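Analysis of the macromolecular model
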Amino acid sequence: MSSGLASDEVAEDYKNSLEDLTTNDRFQISNLTVIAKENTEHAMAISRVLENHIRTTPPAQKLPALYVVDSIVKNVGTPYTLFLGRNMYQTFMNAYTLVDSQTRRKLDEMLKTWKEPVPGSLDTRPVFPPDITRSIENALIKARTAALQQQQVRGQQEVYNRSRVGTPPGWATTPTAPQNAPRFPPPTSQPPQGRSGPVNGYPPTGDAIPVRSTPTPQLQQEVDISSLNRDIDGLISAARNEFANNPLDPSVQQRLKALLDLQGIMQLQQLTQEQLKLVRDQVSALAPKSTIPASQPTSSHIPVTSNPTIATPPVTQPFSQPLQQLLNPGTLAELIKATATRQHPTPPPQVPSVLPQMPIHSSAPQAPTPTPENPLIAALRAKGLLPAASAPPGASSSVTPTFPFIVPGQVRYTPPVSTPQMNTAEVHLNVQMNTASIKIPRTMLITSLYDARSNRCGTCGRRFFATEEGKEKKARHLDWHFRTNQRMTDAARRAQNRSWYVDERDWIKSREVGDDQIITETESTNESAGSDGGAAKKGPAKQWIRAPNDATLRNTPCPICQEKFESTWSEDVQDWIWQDAVKVGNRVYHASCYAEVTKDGPTPSGRTGTPDSVLGKRKAEGTDSPGQNVRIKTEPA
Amino acid sequence: MSLPGLELTQPSAEREFVPAPPSQINLSPGSEWRFEVAFGTAVRVKLETGTAELFGTELAPSQTYTFSGTKAAIYTWHGCTLEVSAGDAVSGIDGMPATATAGRGGYGAGGCQSEYIAEETPMVEYANVHFALETLRNEAKATGKDGPRVLILGPENAGKTSLSKILTAYAVKVGRQPVVVNLDPTEGMLSVPGTLTATAFRAMLDVEEGWGSSPMSGPSAVPVKLPLVYFYPMVNPLEAEGSVYRPIVSRLALSVMGRMAEDEDARETGVIVDTPGILSQSRAGALEMINHIVTEFSITTILVIGSERLYSLMMKNYDNKPSSSASAAASDERISVVKLSKSGGCVDRDAAFMKAVRESQIRTYFFGNPVSSTASSALSLSASTNVTLSPHAQHLDFNGLALYNYTTSSAEDDQADEDDYDPAQLTTGESFLPGGDNDAEWAAQRSENVSALPGILLSAANESAPATAVGNALVPLKKVLTPAPSTLANTLLAITNCSPTSNVAEIRDASTMGFLYVADVDSERGKIRVLAPVGGRVPARALVWGKRWPAEVVGLVG
């Protein structure tokens, strides 16, 4: 037609022609194909134009445009196959994302033909190289799987959402477009029925029946449902379009979600006739308000998160059992909910009588859950989309159904048995040990763990009271940190090892010592520990040394009495020590032995004969060397 | 592309093998951050603002905590901000092979295998249990009664140990000193797996290490805890109809009661008993064992997590019944049974993970904290607890050892045992016995063997006085004879506080002073090479072989 022209002119021309293509018009499509065929030298430009057009055109016009592509590659082939194939993944997926489920099915069918040779052609190669179609297919499979999983995860949540959809009249303001409904069936009714998904086990044809239209046992509902579904579809598509325009507006988002949830319920087809009627009334109340056509949106505007995953409600939704258990059949609202969630094909007889109260029902479902109000509901309510004050009277009480006499947060003050002024001075502590009592939140008691002890150690997070005593304790505690750190740097140089565990007797006798307790001789012991030899100067009262690490030295008995030294664990020193020991030169003696031997002479070498063992070598049992003092704490009266 | 599912896969692929940058985690009040860190990787967590606690133990502000090989949760009552960053990959000490999971960082913040924020936690319940216990403790203090003795029951992975940590940490926080008893041999507390322990806690729990550390020759940044340890080298408490577990529990309870009688703080605060999950499954004998524990520890409070069935059973059996304590009648002390929710954060810890935990516990016993967090130790005030310990390797003459082994398992296993270390016994027709674990048969067999192999088999049962021999015959503890079985390699030997010539009942009941790790067995020369925590001669005590549990730990020594 316009061969010989410059590429961009051809492209411009082609673009204009494409824009006229709004419906699946065979004539127009074949015309466009012919143009493409006659301008193969501009194939690249035309391909780009096609891609751009498909990307930017409104969802409703994507299918015809893609049909143009289909027609071109099948009738013309190279070089278009090459050029269009390059970006086909993006083009296809982009379109697929935005279109509704019926269009998706068409796209699926089209994709299927791309994997086969052109009908009637001698060429046995598929329309598009297999790697292109495969990548698209894989992506679709993934998306479907993800949607399914998401669906399952949301299973429980949907239960809540499901019955919330008795939409209140606050929607008058929203532009809705029921007349567009047939053109914009929601993409939610079914997973796009691909041919190769692991989900659906490769059905040979792409025309799997949408779940929505599965024959239902309740035939008399059909009339209701189909029209109702159409109406809902219309509302959804309107909401969807608005969402596309205002993706950041939470109210739009929520409305869309609520509608999709409603659709989910409809698809389950578990609603009773009466409930359906009610839903229909609500929907029809909403519908006529709209005037703005839905296909308006600037289609270049790709929704950030269009929500096509609400799809595929499996016919047997896995409703959580615990939820059902939570249901308290006493309240009417919950009864309705029970019917909705348990999927009873027939309603309990009470239901019809309460149907006029449907709006209440809209906020009831979350009542039995212990969680705070569903954020969606809260948001809807804040937007005025839900009746704010119409919370069912049962809701508040059913939050704590098991112990209705106790207001949450309340601490029960009962006559004190004792006077436990303990650590939580202000908070009188009286919590009953039973299952009901321990479920009551008592935030004020948490302060006893935190705020009451505001003085916090920066190193280990330990807390102290802000009192004088607390400060003292903290000071000692910080001392302990300081000493320990010092000793750790010292200790890093020598080899350390795990100690033996204590035996039963020692364990029973041992006393845990906090790092904040008064250790009067701390200073002196540290000094004496610092210089082992200097211990003697302190007199027999505090004679001890660290158990030597050297194995031979450790196994060497006291040269005087030939008894071995016994290692004991000192909490204070955090080390094994030898009580009643003194190191003189390279040898370690029992301090008592040494004292006895040296009481006449200053040097141990002056030792002659046997020591004065008649009096009995007295180990420093009663003396207050640090380990002893620490281990056997005097018990408070 | 906004098609659902598509965007899910792409980012993670990009992030693979890229060290995760430090990320901020904001927790609203009452929520918790749950995270899993694989063995071999480390994650650093720093509390930037607010307050946070890990199983009840508060994190210090601005301190860097390093976690490795853990599944835990950081909870906040007041809201907080955490900074999470990837730690150094942890390489093993002494060139030990990295565990199977090593080297595979997760995709979560800081390289966590998995991490997320949970809004719903049972912490309110758990804290209330603490306050209820505090109420009882105040009462005990005022009236001179004993503090509450708490028994925690629930199936595997229901959060029993986490709950006992929380209760312990809260009690410590308010200045109490609870005695915590671990009756779960699958996981050690301050010791290796296969131990039943009791420990009085006064000092803070170790945020990084779970419970803390038992005494070492050197200092420790977090005060060490002093556990009383009993060795029970089997997974199942009901092994041999509980004939081994039961007396050890009794003995442990006796020690705890002794401590409470003398230690005023312990008496006021009471006891917290953690149990193996297997007791909460409907196994034959499990209820009897629970009853045994309830009786021995004079339990006053039974907490049941995550099991309605068990809860109703416990309600029926114990609720409002008088406790078994001696003073119960006088003071009208009654048992209360409380049901607790299981945390949604409880994850199944698969066999591989549990094995890694066990290995890590054993390694820590000998070598100290395996996590070397360079960054935190560089800080002047470090909360890190990494201490490298140097165990001593030495050769022991197998003939000189009094090594005992439990012979309680199924016939086939025993057969394998015999096969391993005494081929001669194979010919005595043991393989024809249908029920190897029958006590009577064992006794009969033993005497048979003695007559068949005089002088070689030195069963303590036959040495003792006839009166005790009857009792001992029921103790499925048997001396391991020369030559040293090759299966000794890579297993643990417990050194009991019990002389080598004691009878088997005493050995069974004795507390443990430590463990040896058998690195090598030289059957021909009759020598074994062992790793001992403490240098010097290995004390001449009766040893018990942890053959079946905690089983083999390969590669502790290179």
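Below is a summary of the structure that appears in this document.

Reading the values: the criteria
Residues numbered from 1 in each chain as written. Chains lettered and ligands numbered in written order. Predicted model: local features only at pLDDT ≥ 70, side-chain atom pairs only at ≥ 80, totals over all residues. Contact = placed C-beta atoms within 7 Å. Helix = DSSP H or I, 4+ residues; strand = E, 2+ residues; numbered from the N terminus. Nonpolar A, V, L, I, M, F, W, Y, C, P; charged D, E, K, R; others polar. Pairing = 2+ DSSP bridges. Axes fitted to C-alpha atoms, helices over the stretch in contact; angles between N-to-C directions. Core = buried A, V, L, I, M, F, W, Y, C linked by C-beta atoms within 7 Å. Buried ≥ 20, exposed ≤ 12 C-beta atoms within 10 Å, placed from the backbone. Arc of directions from axis to C-beta.

Below, the discussion takes up the interface of chain A and chain B. In this assembly, 79 residues from chain A lie in contact with 80 residues from chain B. The set of elements that each furnish at least two residues to the side of chain A that touches chain B consists of helix 6 (88–98), helix 8 (130–153), helix 19 (443–449), helix 20 (468–491), helix 21 (504–509), helix 23 (551–555) and strand 5 (575–579) of chain A. Taken together, the residues that form the side of chain A that touches chain B break down as 37 nonpolar, 27 polar and 15 charged.

What follows deals with the sheet that holds strand 3 (residues 43–50) of chain B. Residues and elements named next belong to chain B. With antiparallel pairing, the four strands of this open sheet are ordered in space as 1-8-3-6. Edge positions in the sheet fall to strand 1 (23–27) and strand 6 (64–67), since each has one partner strand and no second. Strand after strand, the sheet turns through a mean of 30° between neighbouring axes, direction not considered. Looking at chain direction, strand 3 and strand 6 are connected through four bridges and run antiparallel. From the neighbouring strand, Arg-44 faces strand 6, where its bridge partner is Thr-66.

Turning our attention to the nonpolar core. One finds Leu-303, Leu-493 and Leu-543 of chain B to be the most contacted residues of the largest nonpolar core, which totals 174 residues. Residue contacts for Leu-493 of chain B: discarding those within four places in its chain leaves Leu-403, Phe-515, Leu-516, Val-518, Leu-543, Val-544, Trp-545 and Gly-546 of chain B. Ranked by size, the runner-up nonpolar core spans 42 residues in total, among them Leu-50, Ile-72, Met-88 and Trp-114 of chain A.

Three or four residues apart is the spacing at which side chains of an α-helix point the same way, because the helix has 3.6 residues per turn. All names here are of chain B. Regarding helix 6 (residues 286–296), the residues found buried are Ala-286, Met-289, Ile-290, Ile-293 and Val-294. Along the long axis of helix 6, the arc covered by the buried residues comes to 140°, so they all point the same way. On its buried side, helix 6 packs onto strand 10 (149–153), helix 4 (245–262), strand 14 (271–274) and helix 7 (308–318). Ser-298, located one to two residues past helix 6, shows a positive phi value of around 50°.

The next thing to look at is the environment of Pro-247 of chain B. Turning to its location among the elements, Pro-247 of chain B is positioned in helix 4. Apart from residues lying up to four places away in sequence, Pro-247 of chain B is in contact with Arg-508 and Asp-509 of chain B.

Residue and element names in this part refer to chain A. One open sheet accounts for three strands, arranged 3-5-4; its pairing is antiparallel. The open sheet has two edge strands with one neighbour each: strand 3 (544–546) and strand 4 (567–570). Within the sheet, the average angular offset between the axes of one strand and its neighbour, ignoring direction, is 45°. The pairing of strand 3 with strand 5 spans three bridges and is antiparallel. Across the sheet, the residue bridging to Trp-544 is Gln-579, located in strand 5.

This next bit is on unusual backbone geometry. Here the residue pair Thr-78 of chain A and Pro-79 of chain A is connected by a cis peptide bond, since its omega of 0° sits within 30 degrees of zero. Tracing the backbone through its elements, the reader meets Pro-79 of chain A in the loop between helix 4 (62–75) and helix 5 (80–86). With an omega dihedral of 5°, the bond running from Trp-549 of chain B to Pro-550 of chain B counts as a cis peptide bond. Relative to the helices and strands, Pro-550 of chain B resides in the segment after strand 23 (542–546). Notably, Ser-62 of chain B is not glycine yet its phi reads approximately 65°, a positive angle.

Honestly, it's all geometry; don't read function into it.
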